[in-house]
Each structure stands twice: as structure tokens, then as C-alpha cells.
Amino acid sequence: MNQGLVIDNLCHRFHTENGQTVDALNHLSLEVPAGQIVSVIGASGCGKSTLLSLIAGFDRPTQGEITLDGVSVVGKPSPDRCLVFQSPALFEWLTVLQNVAYGLKRQGIPRQDRRAQAMDMLARVGLSGFEKQYPHELSGGMQQRVALARALVMRPRVLFMDEPFAALDAQLRQQMQQLVRSLWRELGQTILFVTHDIREAVAVAHRVVVLTPRPGTVKAVFPVPGSMENREAFLHTDAYETLCAQIGDTLFDR
Ligand SMILES: Nc1ncnc2c1ncn2[C@@H]1O[C@H](COP(=O)(O)OP(=O)(O)OP(=O)(O)O)[C@@H](O)[C@H]1O
């Protein structure tokens, strides 16, 4: 059953080397329904990276449960759940095509098939013709497109994007947000999108989850009105500005 990602009552406490404890997450519950994009926004240090690391299975929560389509994923990393970070972290010694096909190769997909799938995904992110280039020959935005293609080609059940466009300039950032929307329309990918940027959070998601400062828990959830098809037009309306202002008031306790 495709129930999506369900995070239930998650608590996480760190024990520091000098014997102190830090509560990073406190009874945090949220859902990312299958085929939807949910943005998570919060102040620095509210536990966003901790949350992603727990969902990715790199770490185990102190308390709580995380299920993907009804199955617990706690402590179990898997290609089911792919991550795209702020830094594209590509393999510099591999071509663009080899970078995108890398995960498929590790899964034992035959050469012709993985090439076809990687070429298809490169076309979707707008990089046809760049297959033979090496990462250092590409701009930052193009490298991030490769990182996105490399994750999406695995067809993960959920994709995590952790401040993926934070290093890009404003105009490029908007183009990448547009790309996320168009890829979503084509693939219906389930995405958890972490960002510091309110306008970006609204631009790419079906709903925006605002976290409290540390310890992180859900403060409010804002559904974004209208369909993803009409999102570009929504971004030019007063309703968009009002929604961003409401989210800002909640985030900054105004
Ligand atoms: N290994 C650790 N040991 C102790 N405390 C930690 C550890 N990792 C994170 N923390 C603390 O847990 C809290 C949440 O950290 P986290 O990195 O998840 O926040 P964040 O919201 O991702 O921050 P930012 O937006 O600045 O990247 C912070 O107060 C941080 O200092």
C-alpha cells in the first residue's frame, strides 16, 4: 500500500562528549503522502538535518517510529530513500552519464538499460548533450541537475532534498524550483524538501510544515492552494504573498 512517509512521535536526544544532553527533536509527527511534495522549514538548529538522517536510516531515534508505505525504516538505509544535498557531491572522475548511471550499475542493471534510463533522466533535467562531460566542466546549477537526475533515476519511493539550491543565485534557484515542479508533474515523485527559504518552501510543495526552534516539533502546517500545474501563476498573486507572510509570522513568532 502506498501510504507514503509517516513520522510518528519522533524524539531524538544527543549525548555530547562533555556529558550534556541535547534534545534535537521532540514528539515530532508529520506525513508525506505518496506522490506529494512536503516542505519543512525551521530556524537553524531546529533539527532538520537530524530528522533527515533518522529518516534516511543513518541514525536511530531515541523514541518514535518512521514508516514508508507501512514498513518501518528505522536504522535501515536503502535506495528507497535518496538524498540530494546542497553540495552536488558528484564523482569527479566519472562522466555525467556515468554519475547518473552509477546507482543502477551497483544494482546490477545491464549496461544498455542503465544507459537508456540515465539518458532519459538527463533529458528530463535538461542536460541532453552533456553526457560525456565531467562534473568540473559544468556550472553549479548544472551539477545540481546531475545530482537530481542521479537520485531520480533510482526511482526512490521518497526523495529528500536538503537545502538543495541554497548555494545557487536567486534566478537559478527559481529555475531549479520550476524544474522540481515539472519533474513532479512527469514522475509524481514523493519528496520531502528541507529549506530555510519561505518563498522556496511554498513554490515547490503541496504543503509547508513549520518546525519550532530546538527541540524541533511541528508548529503549524500550511497547505498551498491550487494545483502544481497552476503554481507558476500562483507565485504572482497576492495570495502567495499573504501565505508567505503568514508562514513568516508563525516561524518568527510575530
Ligand atoms: N552529534 C551531535 N551531538 C550533539 N548535538 C548535536 C549533534 N548533532 C546535532 N546536534 C544538535 O542538535 C540540534 C539540531 O541540529 P541539526 O543539525 O539537526 O539542525 P538543523 O535544523 O539542520 O540546523 P541548520 O539549519 O543550521 O543546518 C542542534 O542544536 C545541534 O547543535
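As the structure is a prediction and not an experimental result, all values here were calculated from the model.

**Topic: the overall build of the chain**
Here comes step 1: Looking only at helices and strands, one finds 8 helices and 10 strands in the chain.
Here comes step 2: For the chain, whose C-alpha radius of gyration is 18 Å, the value lies close to the compact-globule estimate of 18 Å for 254 residues.
Here comes step 3: The principal-axis extents of the C-alpha atoms in the chain amount to approximately 50 × 45 × 40 Å.
Here comes step 4: Taken over 254 residues, the chain has a buried fraction of 39%.

**Considerations on the domain arrangement of the chain**
Here comes step 1: Each assigned domain of the chain is listed with its residue range as follows: domain 1 (5-80 + 157-252) and domain 2 (91-155).
Here comes step 2: Centre-to-centre, using C-alpha coordinates, domain 1 lies 25 Å away from domain 2.
Here comes step 3: Contacts between the two partners involve 13 residues from domain 1 and, on the opposite side, 9 residues from domain 2.
Here comes step 4: Considering every element that reaches the side of domain 1 that touches domain 2, the biggest residue donor is helix 5 (residues 170-187), with 6 residues.
Here comes step 5: When its residues are assigned to classes, the side of domain 1 that touches domain 2 shows 11 nonpolar, 1 polar and 1 charged.

**Considering the site of the ligand**
Here comes step 1: Taken together, 13 residues lie near the ligand, and Phe-14, Ala-24, Ser-44, Ser-49 and Thr-50 sit nearest.
Here comes step 2: Elements represented by at least two residues in the shell around the ligand include exactly strand 2 (21-32) and helix 1 (48-56).
Here comes step 3: Sort the elements by how many residues they give to the shell around the ligand and helix 1 lands first, with 3 residues.
Here comes step 4: Its residues placed into classes, the shell around the ligand shows 4 nonpolar, 7 polar and 2 charged.

**Looking at unusual backbone geometry**
Here comes step 1: Between Arg-214 and the following residue, Pro-215, the backbone shows a cis peptide bond with an omega angle of -5°.
Here comes step 2: With respect to the secondary-structure elements, Pro-215 resides in the loop between strand 9 (207-211) and strand 10 (218-223).
Here comes step 3: Even without a glycine there, the phi angle at His-27 is positive, about 45°.
Here comes step 4: Tracing the backbone through its elements, the reader meets His-27 in strand 2.
Here comes step 5: Residues other than glycine seldom take positive phi values, yet Asp-253 does so here, at roughly 55°.
Here comes step 6: Here Asp-253 shows up in the segment after helix 8 (238-251).

**Some remarks on the pairing of strand 8 (residues 191-195)**
Here comes step 1: In terms of burial, strand 8 is a largely internal element, 5 of the 5 residues being buried.
Here comes step 2: Neither face of strand 8 is left uncovered, since the one carrying Ile-191, Phe-193 and Thr-195 and the one carrying Leu-192 and Val-194 both have all their residues buried.
Here comes step 3: Pairing geometry for strand 7 (residues 158-162) and strand 8, over 4 bridges, is parallel. Following the sheet pairing, Met-161 is matched in strand 8 by Phe-193.
Here comes step 4: Considered for its hand, the β-α-β crossover made up of strand 7, helix 5 and strand 8 is right-handed.

Parameters at a glance
Residues numbered from 1 in each chain as written. Predicted model: local features only at pLDDT ≥ 70, side-chain atom pairs only at ≥ 80, totals over all residues. Helix = DSSP H or I, 4+ residues; strand = E, 2+ residues; numbered from the N terminus. Rg over C-alpha atoms; globule rule 2.2 N^0.38 Å. Buried ≥ 20, exposed ≤ 12 C-beta atoms within 10 Å, placed from the backbone. Domains from an automatic or database assignment. Contact = placed C-beta atoms within 7 Å. Nonpolar A, V, L, I, M, F, W, Y, C, P; charged D, E, K, R; others polar. Near = placed C-beta within 6 Å. Pairing = 2+ DSSP bridges. Right-handed = clockwise from strand over helix to strand, strands pointing away.

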